[in-house]
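Inside the fold
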There are 6 protein chains.
Amino acid sequence: MSSEQVLKLGIPKGSLEEATRRLFARAGWKIKPHHRNYFPEINDQEMQCSLCRAQEISRYVENGTMDAGLTGKDWIMENESDVVVVSDLVYSKVSNRPARWVLAVAGDSPYRRPEDLSGKKIATELRNFTHNYFHNAGIPVEVEFSWGATEAKVVEGLADAIVEVTETGSTIKAHGLRIIAELLQTNTQFIANKEAWEDPWKRNKIENINTLLHGALRADRLVGLKMNLPADRVEDVMALLPSMTAPTVAHLYNTDWLSVEIVVEEDRVRELVPRLQEKGAEAIIEYALNKVI
Amino acid sequence: MSSEQVLKLGIPKGSLEEATRRLFARAGWKIKPHHRNYFPEINDQEMQCSLCRAQEISRYVENGTMDAGLTGKDWIMENESDVVVVSDLVYSKVSNRPARWVLAVAGDSPYRRPEDLSGKKIATELRNFTHNYFHNAGIPVEVEFSWGATEAKVVEGLADAIVEVTETGSTIKAHGLRIIAELLQTNTQFIANKEAWEDPWKRNKIENINTLLHGALRADRLVGLKMNLPADRVEDVMALLPSMTAPTVAHLYNTDWLSVEIVVEEDRVRELVPRLQEKGAEAIIEYALNKVI
Amino acid sequence: MSSEQVLKLGIPKGSLEEATRRLFARAGWKIKPHHRNYFPEINDQEMQCSLCRAQEISRYVENGTMDAGLTGKDWIMENESDVVVVSDLVYSKVSNRPARWVLAVAGDSPYRRPEDLSGKKIATELRNFTHNYFHNAGIPVEVEFSWGATEAKVVEGLADAIVEVTETGSTIKAHGLRIIAELLQTNTQFIANKEAWEDPWKRNKIENINTLLHGALRADRLVGLKMNLPADRVEDVMALLPSMTAPTVAHLYNTDWLSVEIVVEEDRVRELVPRLQEKGAEAIIEYALNKVI
Amino acid sequence: MSSEQVLKLGIPKGSLEEATRRLFARAGWKIKPHHRNYFPEINDQEMQCSLCRAQEISRYVENGTMDAGLTGKDWIMENESDVVVVSDLVYSKVSNRPARWVLAVAGDSPYRRPEDLSGKKIATELRNFTHNYFHNAGIPVEVEFSWGATEAKVVEGLADAIVEVTETGSTIKAHGLRIIAELLQTNTQFIANKEAWEDPWKRNKIENINTLLHGALRADRLVGLKMNLPADRVEDVMALLPSMTAPTVAHLYNTDWLSVEIVVEEDRVRELVPRLQEKGAEAIIEYALNKVI
Amino acid sequence: MSSEQVLKLGIPKGSLEEATRRLFARAGWKIKPHHRNYFPEINDQEMQCSLCRAQEISRYVENGTMDAGLTGKDWIMENESDVVVVSDLVYSKVSNRPARWVLAVAGDSPYRRPEDLSGKKIATELRNFTHNYFHNAGIPVEVEFSWGATEAKVVEGLADAIVEVTETGSTIKAHGLRIIAELLQTNTQFIANKEAWEDPWKRNKIENINTLLHGALRADRLVGLKMNLPADRVEDVMALLPSMTAPTVAHLYNTDWLSVEIVVEEDRVRELVPRLQEKGAEAIIEYALNKVI
Amino acid sequence: MSSEQVLKLGIPKGSLEEATRRLFARAGWKIKPHHRNYFPEINDQEMQCSLCRAQEISRYVENGTMDAGLTGKDWIMENESDVVVVSDLVYSKVSNRPARWVLAVAGDSPYRRPEDLSGKKIATELRNFTHNYFHNAGIPVEVEFSWGATEAKVVEGLADAIVEVTETGSTIKAHGLRIIAELLQTNTQFIANKEAWEDPWKRNKIENINTLLHGALRADRLVGLKMNLPADRVEDVMALLPSMTAPTVAHLYNTDWLSVEIVVEEDRVRELVPRLQEKGAEAIIEYALNKVI
């Protein structure tokens, strides 16, 4: 194996680490963190993983320290990293709403719009992005880097406004703050270094990983459904079945019944079942899927 | 969707809550408890869930506050609630033995039968049921409501006997008590309000939920089994196979072997496998099931 | 059932206990530890389980207290037990490297080879084996039994060398020690008493357990893969597919596509998928397996 | 020791148990809970302890099962127990505010005063007390026993109001409820059976326990303070010192300085120190106290 | 500081470690375990500590690796170590009963006395001691070393009797065993190497440590008590006071009252207080002690 | 109370928070963190507390947002804050060695002195200070801010050297790094805003807090020691006693013995005791202190 045939991949440390490892496991790669070692083991000789802060990954992908990586769209923008965005990967969210960086002020303050903050102090972990946002809008503000617990800054009188990430807004509200603008929606992205993307072997490897990650994500909300049907009902039933993939139909041993097997959304099974029973379906079984590609 | 088309369902809080949520998940409904909200979210616009003490659910189903609910048979009897029992749901038990409310006394006391307790004091959380039991048997006793830790009452000399729930009897024994009668066997029941049961839309919804809950429970002890067989052995093998559902038989590519797929009880697989091997079965695989209906 | 028809099986207590119980569960036997009882419950009337230290099991199998058991090859050798080794069972390892008993010395000591330790003191939990090893090599040493925390002994000046088990060597290194020889590779073994092995009923039962344990272990690294294919591509695709078991091929309803189902190593799926897609495969799904026999 | 010379004392189980045990320890009695025994061990042959639910203790003190006990004033009133209240013991509170049973309604409901609830349903664990309160006020209401999680009842529409205990009101507010009346302030009380109180030996024992419990409680907020002073400043300093107890004054060895030792409230030390220093005090030391009687 | 002036002290690792460290802290030595180091830090340049298994300490003290150590009398006897026993240190016991090594058999076995075990198998962690015991009694038995969970051995039929340590006997009983003899009472001992004991500097250091450890143990059950008294009552009160140490009596400022301070057993305070109050004592305060020598 | 009479105090959040709260408690101020509120409650109407990152406090004290605060000397220098340093407060350290910011490189790298790093990349959380350090030394380096896990950076090849805080150096060594220079020793400092320091009321309040904090810190290593002595030995003993504060001497009741009470360093007690015993001291008791001023 020549040295070009290793893809260096960055994996985010911390809150997304466990969910990312589970996603890769379903996709076919087992990533094992090494106690006392910074390169987790991966069961693929063509890959080498690094665990790294989400904030730093895009920098390392941009400068070629890593060929590819998973990180948040927010930190890619904060770092103004010049990388290839291979795809969006939406997983492990607390709620069903997207994560958003919002501009928030004290609930009883007079500020209603971003322009009301002209001349004011804004605390955020996303300093660069926030600075660009207000600069482009022609609103002069002072942006101060926050080491965390940003919501408390306004309450303590240490800042006039904050730019902070939230899904449901509940932490913001619990601090008595009011959201006055949404600056950015974010999610995990799979990114690649520009040169690595031009290298045919690496690009092929990256695209293969991408296919399998999406196959694993898709399988999360799908199930296999299998049932027995009288042969003369098969047309009726076919009309009912959602066309996710072509059904597999086989003859049952020594009868004129058929076995029909399909892939459907797990959420739809509960309404399909009574309608299938009406049509004469029997022995309906449901099983879980690892991947659907 | 009109407002009649919402089914209000009561889910028991506490020890059964987690197991109930897992059962509904396998049946196709994801129930997410809301932090600071009393109506957990459910991924079905036709349903609304309430989390409620098992002791109180039958009262609310009876008076129509809820259309249906899951709770223990014991608390339905304690409350003397006039409701429709849709089905028994047996899940999440500590042992393989049913939960029973028993009458227990000190191990070294002279009491051998319920009638020996005439004129004595009995502590229990199931006051009403216990009172009725002894009243119907014509045995005069004093029934005292216990706020918990009931087994200790006899040891401390605060009561002469207790009526308490147990599966294996081990907590009773560990307190040095002796069981002298079993008053009631209990399990979870799916119950409905009498008027809701007469409403065709609600009854249909309740029956659909019931079908899928039982499908999920059944799948817990069943597996899919698949094997390859020489075509001339198929009759022999069919004779061996338990007739849970009709087997699915398909021809293997370019050979005269067949593929046979069945659903069997997981516990029987270990004895089936050597007999199938004797008959010439190869490539036997077993997989898990989510639902069997 | 006559009393000869019970097989007494020893299960290792402690670090391997949970993994062993999970392995048996997948094989079809549910072992439930009894609080305050030393014979865990097992859902098979023909078996009786004992939980026992791995260090002691081979002694009990040798003397017939147990008919069969699971334990480490290292402790079988330490005890010089005369038993039948039914098979090697490799599971639940921390890393992908085998567990090894190594000879280690202080990093800054002059010792380079076992013979340099002539006349020195060696601490180990595997006293007998170590004594034999040096005796057979004609190197006179003093072997001292260690109660644990063996690595610290050299650091504290309490021994000149240690013989200790390790997978990655990292704990050894973290104590500043240097490995100078590997004395033994070890793994779990399924062993039987010699007389039990001659009893036809017991031997048959042991072989049946062995088949199902290996079936469960094999399923751990295999998955089911199913796809739809144009009929004219089936020969091309067959050439690609690893010959684990014969594929199951069925016709899709009312088309000239085929459904193909195979069992493959999970690790190979990620490279198979792009090649299958090139050949025209669609609707590729992957599912998990409990057993493959 | 004759059998009359044992005092049977009830100790509340659960949330107050640990704090009660610590209070008795500082007072001089070590109470050790017995695993599998209902009478905790106490290092005083003249006493016998029972651990019991706070809700039930006053019933057992009233009927003579226990001679004395610690429990909440609220449960004494709920049970309408006819007992002697020896003293109030205020300890282990979450906040500095007293625990109160309050009447609370939905924040957006029209109810402002108890009389607005005429004809409504009220859920509470304190059913008897609540019934009496409204009955005496001439307001007809339906009082329903709540098995817990009472605050949720109003939110879920299962009750119109609740009567619940609170210190800071924050749980009430967090559920969106509004307090419209305070029905009862409560705290722990030391109570005695009426006959036991007439028995000279028991009454003396109860009063001795009471003295030492209060001595331990008092010591919690007091400290010993000791300092050296020039003899001619002693009058000035005496004027400053709070007269908690008479100061102990001693001569320092071979000088005309004095040593002065007093007992003061811990909270006052920080303001006393600079004033003592101004007066010439030196070597000021502070130490903790176990009891002050 | 010359090298002879360091005393090497062994401290038991594991269950007694925390209690031992707390005892030394009250005696005046702070022992801090080093993460990644086997010599805990101690705030005394004249001492060096090692953490070591209780089972091994007497061996190291005997051979001079350590000058002194704390360990159980049982393990000193098991190792037949020839050391100086400086003193017995009784601390950190679960119950008030001494720890004993007992001979136990199955509850339903016929064995009543040690001699009934002639020719039988005995499992124990204290192999050497047990062997000597039976040898000296002229009873031939087979003694087998047990790796732990010894009580289970009899239940599982792996031994006829066990020799095991117990305080209350409850674990023995919980396993259905019966104690038929007590072989040894044990407690922690402070031991010294024989040569170290002859070295005047080391012996002096060891005796100093011994004095302070006992001073700390004694203080655990004593308290300081201080009160104010009218001068004319002092004789009466002196007669009441236990003569632990001579009382300190001082005059109160500008009155004819006296301040009296004594050291008494904590357990006696509760009976002293009412009698002191009767005699006119006021402002009684109690405080804790670190050491009493 | 006018509004000028409130002192705004910053308390460090995180690792020092608990130790700081305990220090203030011993000094006489109880700081209670408010759930969901950023101003912890303090039992002094003249003070208002804020919990804040140690990194940020000096900035807020400099600009007057806070009047005074506790934070690390390192972060005061990093922020180049122009504040009054009231005193150094040394508490809650892991070891007895001071915390130091050191320059560390890979163990096997060629770098030996700071100047060897000319042109290299250095990762640190103390970016500003590090930049100044190298700038003043005339060594051109690239200083990169690190988000944490800094030690790993050199191992992963992401930096040539790091500047990181350490007490014992053990984490540095565990990563295979080598310290080549110490750049800064640090500890907690009590700092004040320059204007607040000029305000007489605030300065007086700050100095009062400072006195009591140091009184509490001093008491940590001191104890009270009390003993009885024959009157004729008092001169001999006085010569032995460390002159921490003047001893308190009182006559013992009806004897010619004296009671002597002193304050000494806890560490010295163990050597004082045998010498006091030689001089005839008896009934030596030791007790703990809260404050020594």
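Counting restarts for each chain, with residues numbered from 1 along the sequence as it is written. Chains and ligands are labelled by the order in which they are written, letters from A for the one and numbers from 1 for the other. At least 70 in pLDDT is required for a residue's local features to be given in this predicted model, at least 80 for side-chain atom pairs to be given and counted, and no such filter applies to totals for whole chains, interfaces and linings, which use all residues. Side-chain figures throughout are based on the complete set of non-hydrogen atoms in the structure, without hydrogens or water.

- The name an unreviewed UniProt entry assigns to chain A is ATP phosphoribosyltransferase, from the organism Desulfonatronospira thiodismutans ASO3-1.
- The heading Catalytic activity (unreviewed entry) in the UniProt record of chain A holds the text "1-(5-phospho-beta-D-ribosyl)-ATP + diphosphate = 5-phospho-alpha-D-ribose 1-diphosphate + ATP".
- UniProt positions are given in the numbering used here, feature names are shortened, and annotations may be inferred rather than shown by experiment. Its UniProt record, at the heading Sequence similarities (unreviewed entry), says of chain A: "Belongs to the ATP phosphoribosyltransferase family. Long subfamily."

**Quick look at the overall build of chain A**
- Helical segments are the DSSP runs of H or I of at least four residues, strand segments are the runs of E of at least two, and each set is numbered from the N terminus. Within chain A one finds 10 helices and 17 strands.
- Seen through its principal axes, chain A has C-alpha atoms that stretch 85 × 55 × 35 Å.
- A simple rule labels every residue: compare its accessible area, found with a 1.4 Å probe on the protein chains alone, to the largest value its type can have, and call it buried under 20%, exposed over 50%, or partly exposed in between. Residue burial in chain A is summarised as follows: out of 293 residues, 56% are buried.
- Residues are treated as being in contact if the distance between any of their heavy atoms lies within 4.5 Å. In chain A, the share of contacts with a sequence separation of at least 24, taken over all contacts with a separation of at least 6, comes to 70%.
- Reported accessibility uses the Shrake-Rupley method at a 1.4 Å probe radius. Residues are deemed covered only where the shown protein chains occlude them. In the structure as shown, chain A presents an accessible area of about 12600 Å², 45% of it carried by carbon and sulfur atoms.
- By the counting scheme adopted, Arg and Lys are positive, Glu and Asp are negative, and His together with the chain ends is not counted. Where a charge lies is defined by one atom per residue type, namely NZ (Lys), CZ (Arg), CG (Asp) and CD (Glu). Each charge class in chain A can be summarised by its mean position, and for the 35 positive and 43 negative side chains these summaries are 3 Å apart.

**As for the relation of the copies chain E and chain C**
- Note on the copies: chain E fits chain C at an RMSD of 0.4 Å, the axial shift is 0.2 Å, and the rotation between them is 179°. Taken together, the rotation and translation describe the operation of a two-fold axis. By C-alpha distance to the rotation axis, the residue of chain E lying nearest is E:W147, at 4.9 Å.
- Comparing contact sets, 96% of the residues at the interface of chain E also lie at the interface in chain C, consistent with an isologous, same-surface contact. We place the copies in one frame by least squares, fitting the C-alpha atoms of every residue whose pLDDT is at least 70 in both.

**Description of the relation of the copies chain B and chain D**
- Take chain B, turn it by 180°, move it 0.0 Å along the axis, and it overlays chain D with an RMSD of 0.1 Å.
- A shared binding surface is used by both copies, with 100% of the interface residues of chain B retained as interface residues in chain D.

**Observations regarding the interface of chain B and chain D**
- The interface of chain B with chain D comprises 31 residues on the first partner and 31 residues on the second.
- Summed over both partners, the accessible area lost on bringing two parts together, with a 1.4 Å probe, is the buried area. In this assembly, chain B packs against chain D so that about 2700 Å² is buried in total across both faces, 55% of it on carbon and sulfur atoms.
- Salt bridge criterion: a side-chain nitrogen from Lys or Arg within 4 Å of a carboxyl oxygen from Asp or Glu. Scanning the region where chain B abuts chain D turns up 4 salt bridges.
- We note a salt bridge from B:E56 to D:K153, for which the minimum N-O separation is 2.9 Å.
- Counting residues per element, the ones that place at least two in the side of chain B that touches chain D are strand 4 (47–52), helix 2 (54–62), strand 9 (142–145) and helix 5 (151–155) of chain B.
- Ranked by the residues each element gives to the side of chain B that touches chain D, the list is headed by helix 2 of chain B, at 4 residues.

**Some thoughts on the pairing of strand 10 (residues 161–166) of chain E**
Residue and element names in this part refer to chain E.
- Counting buried positions over the 6 residues of strand 10 gives 5, a clear majority of the element.
- Two strands qualify as a pair provided that DSSP identifies no fewer than 2 bridges between them. In terms of strand pairing, strand 7 (residues 99–106) meets strand 10 through 6 bridges, oriented antiparallel. Directly across from V105, in strand 10, lies its bridge partner A161.
- Sheet topology places strand 8 (residues 121–124) next to strand 10; 3 bridges connect them, and they run parallel. Bridge pairing in strand 10 links A123 to I162.

**Re the sheet that holds strand 9 (residues 142–145) of chain D**
Residue and element names in this part refer to chain D.
- Pairing is mixed in the open sheet, where 5 strands are placed in the order 9-8-10-7-11. Every other strand in the sheet has two partners, leaving strand 9 and strand 11 (177–186) as the edge strands with one partner each. If you compare each strand with its neighbour and ignore which way they point, the axes differ by 25° on average.
- Bridge analysis of strand 7 (residues 99–106) against strand 11 gives 8 bridges, and the strand direction is antiparallel. The partner of W101 across the bridge, within strand 11, is L184. The angle between two axes is taken between their N-to-C directions and runs from 0 to 180 degrees, where each axis is a line fitted to C-alpha atoms and a helix contributes only its stretch in contact.

**Section: the pattern of salt bridges**
- Applying the stated criterion across every chain yields a total of 126 salt bridges over all chains.
- Among the ionic pairs, C:D116 bridges to C:R113, the shortest N-O distance being 3.3 Å.
- The salt bridge involving D:D67 is made with D:K202; its shortest N-O contact spans 3.0 Å. Taken together, the positions of D:D67 in the loop between helix 2 (54–62) and strand 5 (68–72) and D:K202 in helix 8 (residues 200–219) put the pair 135 residues apart, joining distant regions of the chain.
- Counted as one network, the salt bridges with shared partners bring together A:K226, A:E261, B:K226, B:E261, C:K226 and C:E261.

**So, the side chain of E:S87**
Residues and elements named next belong to chain E.
- The residue S87 is located in strand 6 (residues 84–89) in this model.
- Here a polar contact is recorded for every N or O atom pair within 3.5 Å, except that within protein the pair must consist of a potential hydrogen donor and a potential acceptor, and residues adjacent in sequence are included only if both atoms are side-chain atoms. A distance of 2.9 Å separates polar atoms of two side chains, one belonging to S87 and the other to H214.
- In contact with S87, not counting residues within four places along its chain, are Q189, F190, N210 and H214.

**What about the environment of A:H214?**
Residue and element names in this part refer to chain A.
- Positionally, H214 belongs in helix 8 (residues 200–219).
- Separated by 125 residues in sequence, H214 and L89 place their C-alpha atoms 7.6 Å apart.
- Setting aside chain neighbours within four positions, we find H214 in contact with S87, D88 and L89.

**Notes on the packing of aromatic side chains**
- Ring pairs shown here join Phe, Tyr and Trp side chains whose ring centres sit within 6.5 Å, with only the six-membered ring taken for Trp; geometry is labelled stacked below 30 degrees between planes, edge-to-face above 60, and tilted in between. Tallied over the entire structure, the rule returns 37 aromatic pairs over all chains.
- Here the aromatic rings of B:F145 and D:W147 are separated by 5.9 Å at their centres, their planes lie at 75°, and the arrangement is edge-to-face. Here B:F145, found in strand 9, pairs with D:W147, found in the loop between strand 9 and helix 5 (151–155), and the two come from separate chains. Both residues of the pair, B:F145 and D:W147, count as buried.
- With 6.4 Å between their ring centres and 65° between their planes, D:F24 and D:W29 make a pair best called edge-to-face. Of the two residues, D:F24 and D:W29, neither departs from the other in class, the shared state being buried.
- An aromatic cluster is defined as three or more aromatic residues linked by ring pairs; in this entry it consists of B:W75, B:W101, B:F145, B:W147, D:W75, D:W101, D:F145 and D:W147.
- Directly above the ring of B:Y60 sits B:R59, whose terminal nitrogen or CZ lies 5.9 Å from the centroid. Should the NZ of a Lys or the CZ of an Arg lie within 6 Å of a ring centre and within 35 degrees of the ring normal, that charge is described as sitting over the ring.

**Considering the interface of chain E and chain C**
- Counting residues at the interface gives 26 residues for chain E, matched by 27 residues for chain C.
- Across the chain E/chain C interface, buried area totals approximately 2300 Å², and carbon plus sulfur atoms make up 57% of it.
- Taken together, the links from chain E to chain C amount to 4 salt bridges.
- Taken together, the connections running from chain E to chain C amount to 2 residue pairs in polar contact (both at pLDDT 80 or more).
- Among the secondary structure elements, those contributing two or more residues to the side of chain E that touches chain C are helix 2 (54–62), strand 9 (142–145) and helix 5 (151–155) of chain E.
- Ranked by the residues each element gives to the side of chain E that touches chain C, the list is headed by helix 2 of chain E, at 4 residues.

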